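# Structural overview
This is what each chain is made of:
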Amino acid sequence: MMAASLDLQSLEQYCETLYNPSSQASRLQVESLLNYHFPTFSLSSLAAAGGTSSSAGANGPSSPTEKGGHSPSINTPIDSALFCRSLLENTKNPYALMFATSRLKTLVEDHFSSFTTPEQCGLRTFVLRYIYQNPDAQPFIITAQAQLFALITKLGWTDNEEFRSLVDNIQVFFQHGVDHRILGMRVLRAVALEMNLPSAKHATKYRKIAVSFRDAQLLPIFQCALSMLQVVLRNQISDPSADKLKESILLLMKECLNFDFIGTLPDESSDEVGSIQAPTSWRSVFEEPGYLDVLWDCWKKFPSPVSVLVMECLSQAAATRRSLFSSDEARNTYIHHIMRETVLTLKSGPGQSKLQDVGNFHEVCRMLSKFRSTFQLTELCEYKEFDEWISVIGEFTSRGFHSWKWSPNSVPYLLIFWSKMVSSVSAAKQATQEHIQAITVSLASAYLKSRLECAQSVMDGEVDDPLESEEELVSTLEMYATLARCKYVESGRLVVAEFNDLNKRYREVIQHATTGSTSPILGSSDFQEQIKLVEMQLTWMVYIIAALIGGRISYQSTSEQDLMDGEMASEVFGFIHQLQMWTLQRPLFLASPETHLFVQSAIIQFYNQFRSSYIGEESSKSVKVYGLLEERWGLSGPNQVLDVIMQSSLGNLRSNGDPEWSKAEDQLVVRTLRLYTNLVSGYSSVKHIRKLDTTMALLKNHNSSDFRFLNPAKKGSDTAVARCRMNYYTMLSRVLFAEDNVEADFWRFVKPWELTLDQVTLAFEGTGELGEEQIRLILLGIFKDLRGFVSSITNRKQYTLFFEWFYPAYTPIVLRAIEIWPQGELSIAILRFWHEFASNKSSRVSFDSSSPNGILLFRETSNILYTYGQNLLNRPLSNPNARWSEKYKGIMLYFNVLSASLSGKYVNFGVFQLYGDKALDQVLEVFFSLMLAIPVEDMTSFPKLAQAYFSVIDVFTSDHMTGLPMMPHPVLAYMFQALADIIQPQTPDTLCSTLACSAIDKMCTFVVNWMLKDKIRKDEDQEELQRNGSPDPNARHLLNSNGSANNSQRNSVDIARGPPGSNGRPVSKRRQQQQQQQQGTHWLVDYMMNHKDILGYLFMVIFEVLAFENRSNYWSLSRPLLGLILLNREFYVEYTNNFIQSQLPDRQEAVQKAVSALMENVDFNLTTLNRDRFTQNITTFRRECTQLTLMSVTSTSQDNNSML
């Protein structure tokens, strides 16, 4: 077979070129050849087999497989699979072996249901035999073959009973030497991995397979591995591959215990939560003492790194769910066994020797954290040697804190253990509580000292600085706070004492610097490092105190604890005051930008934590804290503290002008504005802040030149920095509008903007002094400011105030700026502002009934969009690879603004047509042109563009589409193509597909309802004709004027017998004209009825998604399906018949019943009740599909583009 089409040597060379190409061109050529001889009969490219990116571009496929071309001798997927099998049997070349295995995997993934049962079993047997006969194959080949075997086993698990005898199939491997046993373990591990993999497509079906595998084979596999481990432990195999066998056994056991037993897929990074949810059938394994004995003996006897794998299995054993055990006695026996072995490990010499290995040490820490997270403290306390156990772990933890440089990643697990222990300490006996509390004090001190040592090690360059990752740092310190607050007064005193010592040293260093400014030592590097070291250690102390104060739980906190919080807060406020004084005095060369950033970030974190605990509705209950703060610093309440926060942190927004400080200052601005945002987010706190003198001064001078981040010429280093200006004015807007009567304050606030915009207006008129670049930078900054300011406006009064200031005085500037600078960041900033300005969130855009402002607002929007859109259409694309930045980003904003305007409900769009205003027509005209200017592939592949497009399409089809007199057919065709394409991908954008289905449903609903009304009207006409016997429905019969009306009335209103449908009642000519117009077919109805292939294609796309994929928005997907069926019943019948016939013969009857039930009790209408009934039928149909392995009707979709 192979020789007839392609000789083996050439094929091996092609495969080698595929994986090691000399050039991209050679690789593309080899791709085409291999795809020709080994077709996949699917859209998956060679990259799926070769592990490289596909060469198919956006313009179309580039490989023969994707084009449908293949060797004449290969007509079906099974033919291609046999060709791959022949290659595996005849070659030893690793590249050819890898290609054949990968291509077989692709064929199995895409076409397994088309293989007959004997073919499935034959292929599986061949793969298993190949692995058995080639134990010396390269590891990556064995891995790939094992994955292929696992995939075949998974896909055929439900229908092939032989596949469900997995352990029996692998027993042949265990009857031979070590190498074959290793292969058997690897194959079983690959199956366990494959069965545990989640899948977006067929998720329910695969979950059922996983459950069946769990119930039938997972426990036998685990028991097989455990018995093999016992044999290895007992016999001490001397084979050189013995360690590999131990490793493969332990990896298999680990994978079995990692199995998703209950379908929750826990996050593996969250080791502190979750437990092994083994089913009840596993109870005998865990209750058997030999299980834990084997693992502990293996850990003691096996060398590292195999012993590390043993401890990982012990970590999983320590996390076994509590409810698995048959009784409390059995569970306590299991718990006490682990506790006893833990004590022996941590106290014995061999155990201590093992823990010298960093891997073992780390896994023991993980084991302890999982053990405590799973079992309750009351259960642990029942162990008779509990005091010894907790003391040993306390000593072990203390050593871990002191040796943090050796294993820094282990410290969080130790903190997890103790934070869990402390959080439930109240459930223990009084003596146990006191014992644990005493240990926590020493541990709090040990951890504190380790953090101060960390600052020294960072200075010496020994370790990375944890302060650089603030999010991770804060998370760790939260656990430390739980530990330290267990015996808070004693732990707090240690913290305060350490802080005072450091603060004293800091004052001495400052004093030395200020009094000996002329000394040569002042500029020495040693002196600078001394200052930096003390400041870094104080930074750690401030972070720790912030965590301790933030760890306060209001309903649990005692007056003594609040008093300790007050004492620590007083020390920090004193340090802040001292730091401010020193910052004003010290020379700049003595400062470090990194240290400044860390210190100020710690202070900001302290402010955030103090606010969360002591500023708010519960602040009146914190008498002890504010009593101490008032005594030392005169801060009698939250208002005074907020004033200090605002005053001290406001300096973070200013710049010292040194370029070396630029990056640190940017980060500090971001964190300070985040603090301000948190402060003004609370109702009571923003009221307090609004009254502060500092805030009032800031509102009056909000555009200070000292705020370097307000300089529009400054480029942000990242997104957070670039958004600082907008976030700043968002915060100020919240503060400004915190009071009700703010008209006077508002006009004072916008005065600086007025002055600047007036200068720009004069410059546009030719009488100003500003240059073009100056104007551009000024407008760039102002529109960022205005965007942030408007985003916080939440009610009608505030919006009207802003609208009356901005319109019509400054809206011409917007249009003029778009005309002059249609490209670049200024136009982007303007459109983003206008999107915010035109959005009617919280129903804030609401004008009086006599006000034309809504119409005027849309007219301005129309002019801006039309001008910008015309430029986009006429602008050439200089670089296709930069089409997002050059065009698509602007088009996305165009769509966003249009969507916000059309959905705002603050303007009656019928006014424009009534009075001949082109505002709506011109903006829709440009919208259609921009739509057609983007390839459908790009429209659906750029996420932000897709969301903007389908949002505006959803709004357009809801309120505006059917009111148009006509739409261009290319636009309609494009819309339907995009709607279908966004629904199809296996990993779609859920929001976009939901919006697309909503748009389809709205169009179908309109057409169906129109057709129902038209049918009713025609039936009434027919009844009228039959009743009157008149062949001429338009025949008019003048009424007898005697006694009915005077001459003037007859002349002004021509009365006649009405047309059909009026039941002979007299109607006016105007009413007759209206009825005649209604008898004409709506253009959308005409288009969809003349293009039923579009309806069929949309139905096919949605139906296959519902039948073959598990989408989270399946309810939304089902809604348009009924309308598509009602509008094209012939296609529905034809397609479902083909769908049934394409399934395997033994499944056709079940599929027939499921399809027949779809339209059961469903009427020809789209009422809510009828829709819900159909959706219920769809749910039942999906449930039936997940229990079967179904095939798609591929013949129907061979040429999708021709249907559209």
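As annotated in an unreviewed UniProt entry, the protein carries the name Exportin-7 and comes from Entomortierella parvispora. Its UniProt record gives the protein the following Sequence similarities (unreviewed entry) comment, quoted word for word: "Belongs to the exportin family."

What follows concerns the overall build of the protein. Scanning the protein for helices and strands turns up 58 helices and two strands. The contacts in the protein between residues at least 6 apart in sequence include a share of 76% that link residues at least 24 apart. Of the roughly 52800 Å² of accessible surface on the protein, 49% is carried by carbon and sulfur atoms.

Below, the discussion takes up unusual backbone geometry. In the segment running from serine 304 into proline 305, the intervening peptide bond is cis, with an omega of 10°. Mapped onto the fold, proline 305 is located in the loop between α15 (289-301) and α16 (306-317). Cis geometry marks the peptide bond from tyrosine 807 to proline 808; its omega dihedral reads 0°. Its place among the elements puts proline 808 in the loop between α39 (796-806) and α40 (811-820). Unusually for a residue other than glycine, serine 842 sits at a positive phi of about 60°. Within the secondary structure layout, serine 842 lies in the loop between α41 (825-838) and α42 (853-874).

Within the secondary structure layout, arginine 748 lies in helix α36 (residues 743-749). Put simply, arginine 748 and leucine 699 are 49 residues apart on the chain and 8.6 Å apart in space, counted from C-alpha to C-alpha.

Attention now moves to the pattern of salt bridges. Between side chains of opposite charge, a pair can form as their charged atoms come close. This structure, assessed with the given rule, holds 43 salt bridges. Close ionic contact of aspartate 706 with arginine 654 constitutes a salt bridge, the shortest N to O distance being 3.9 Å. Taken as a pair, aspartate 706 in the loop between α33 (693-700) and α34 (719-722) and arginine 654 in the loop between α30 (638-650) and α31 (662-681) lie far apart in primary sequence, 52 residues in all. With a shortest N-O distance of 2.7 Å, aspartate 954 and lysine 1002 are connected by a salt bridge. With a gap of 48 residues between them, aspartate 954 in helix α47 (residues 943-959) and lysine 1002 in helix α49 (residues 990-1028) connect regions that are remote in the sequence.

In a soluble, globular protein the nonpolar side chains are often hidden away together inside. Counting residues in hydrophobic clusters, the biggest one holds 389 residues, and the most contacted among them are Trp389 and Phe606. When residues in this core are grouped by element, the largest group, 16 residues, is from helix α26 (residues 525-550). Ignoring sequence-local partners within four residues, the contact set of phenylalanine 606 consists of Val542, Ile545, Ala546, Ile549, Ala569, Val572, Phe573 and Ile576.

This part is about helix α54 (residues 1114-1127). With 12 of 14 residues buried, α54 is to be regarded as a mostly interior element. When α54 is considered as a whole, its buried residues turn out to be Ser1116, Leu1117, Ser1118, Arg1119, Pro1120, Leu1121, Leu1122, Gly1123, Leu1124, Ile1125, Leu1126 and Leu1127.

Here we take up α40. The set of residues buried in α40 consists of Thr811, Ile813, Val814, Leu815, Ala817 and Ile818. Elements in contact with the buried residues of α40: α37 (751-764), α38 (772-791), α39, α41 and α42.

Below, the discussion takes up the layout of surface pockets. Size it by volume and the second largest pocket reaches roughly 1000 Å³. Considering the residues around the second largest pocket, the lining is formed by 44 residues, among which Lys784, Arg787, Ile828, Arg832 and Lys889 are closest to the centre. For the lining of the second largest pocket, the secondary-structure elements that each account for two or more residues are α34, α35 (724-736), α38, α41, α43 (883-902) and α47. When the residues that make up the lining of the second largest pocket are grouped by side-chain class, the tally is 16 nonpolar, 14 polar and 14 charged.

In this section: the packing of helix α7 (residues 94-111) against helix α9 (residues 139-155). Interaxial distance between α7 and α9 falls to 10 Å at its minimum, and their mutual angle equals 15°. Judged on the interaxial angle alone, α9 and α7 are roughly parallel. The chirality of how α7 crosses α9 is left-handed. For the pair formed by α7 and α9, the contact residues are Pro94, Leu97, Met98, Thr101, Leu104, Lys105, Val108 and Glu109 on the first element and Phe140, Ile141, Ala144, Gln145, Gln147, Leu148, Leu151, Ile152 and Leu155 on the second. In terms of residue class, the contact of α7 with α9 is made up of 12 nonpolar, three polar and two charged.

Looking at the protein as a whole, the pLDDT averages 86, with 87% of positions reaching at least 70. Predicted confidence is poor over residues 43-68, with pLDDT under 50, and the contacts of this stretch with residues over four places away or in other chains come to 45 contacts. Under a pLDDT of 50 for its full length, residues 1194-1203 has, in the predicted model, 15 contacts with residues more than four places off or in other chains.

As a further point, take the packing of aromatic side chains. Tallying each qualifying case throughout the model produces 92 aromatic pairs. Ring geometry for tryptophan 389 and phenylalanine 417: centres 5.9 Å apart, planes at 70°, overall edge-to-face. With tryptophan 389 in helix α21 (residues 386-402) and phenylalanine 417 in helix α22 (residues 411-423), this pair connects stretches of sequence that are 28 residues apart. Relative to tyrosine 614, the ring of phenylalanine 610 lies with its centre 5.4 Å away and its plane at 40°, an arrangement referred to as tilted. Taken together, the residues span about one helical turn, with phenylalanine 610 and tyrosine 614 both in helix α28 (residues 593-614) at a distance of four residues. In terms of burial, phenylalanine 610 and tyrosine 614 fall into one category: buried. Lying across the ring of tryptophan 404, arginine 451 places its NZ or CZ 5.2 Å from the centre. Sitting above the plane of the tryptophan 540 ring, arginine 451 keeps its charged end 5.3 Å from the centroid.

Here the focus is empty space enclosed by the protein. Using the criterion set out here, one finds nine cavities of 30 Å³ or more in the structure. Roughly 80 Å³ of volume is contained in the second largest cavity. Every residue along the wall of the second largest cavity is listed here: Arg690, Met696, Leu699, Lys700, Leu736, Asp745, Arg748 and Phe749. Elements supplying a minimum of two residues to the lining of the second largest cavity: α33 and α36. For the lining of the second largest cavity, the residue count by class is four nonpolar, no polar and four charged.

Conventions used here
- Residues numbered from 1 in each chain as written.
- Predicted model: local features only at pLDDT ≥ 70, side-chain atom pairs only at ≥ 80, totals over all residues.
- Heavy atoms only, no water.
- UniProt positions renumbered as here; feature names shortened; annotations may be inferred.
- Helix = DSSP H or I, 4+ residues; strand = E, 2+ residues; numbered from the N terminus.
- Contact = heavy atoms within 4.5 Å.
- Areas by Shrake-Rupley, 256 points an atom, 1.4 Å probe, with all protein chains shown as cover.
- Salt bridge = Lys/Arg side-chain N within 4 Å of Asp/Glu carboxyl O.
- Core = buried A, V, L, I, M, F, W, Y, C linked by side-chain atoms within 4.5 Å.
- Buried < 20%, exposed > 50% of the residue type's maximum accessible area, 1.4 Å probe, protein only.
- 1 Å grid on protein atoms, 1.4 Å probe; cavity = no way out; pocket = protein on both sides within 12 Å on 5 of 7 lines; lining within 4 Å.
- Points joined across faces, edges and corners; volume = space filled by probe spheres on them.
- Nonpolar A, V, L, I, M, F, W, Y, C, P; charged D, E, K, R; others polar.
- Axes fitted to C-alpha atoms, helices over the stretch in contact; angles between N-to-C directions.
- Parallel < 35°, antiparallel > 145°, perpendicular 65-115°, else oblique.
- Left-handed = near helix turned anticlockwise from the far one by under 90°.
- pLDDT = per-residue confidence, 0-100.
- Phe/Tyr/Trp six-rings, centres within 6.5 Å; stacked < 30°, edge-to-face > 60°.
- Lys NZ or Arg CZ within 6 Å of the ring centre and 35° of its normal.

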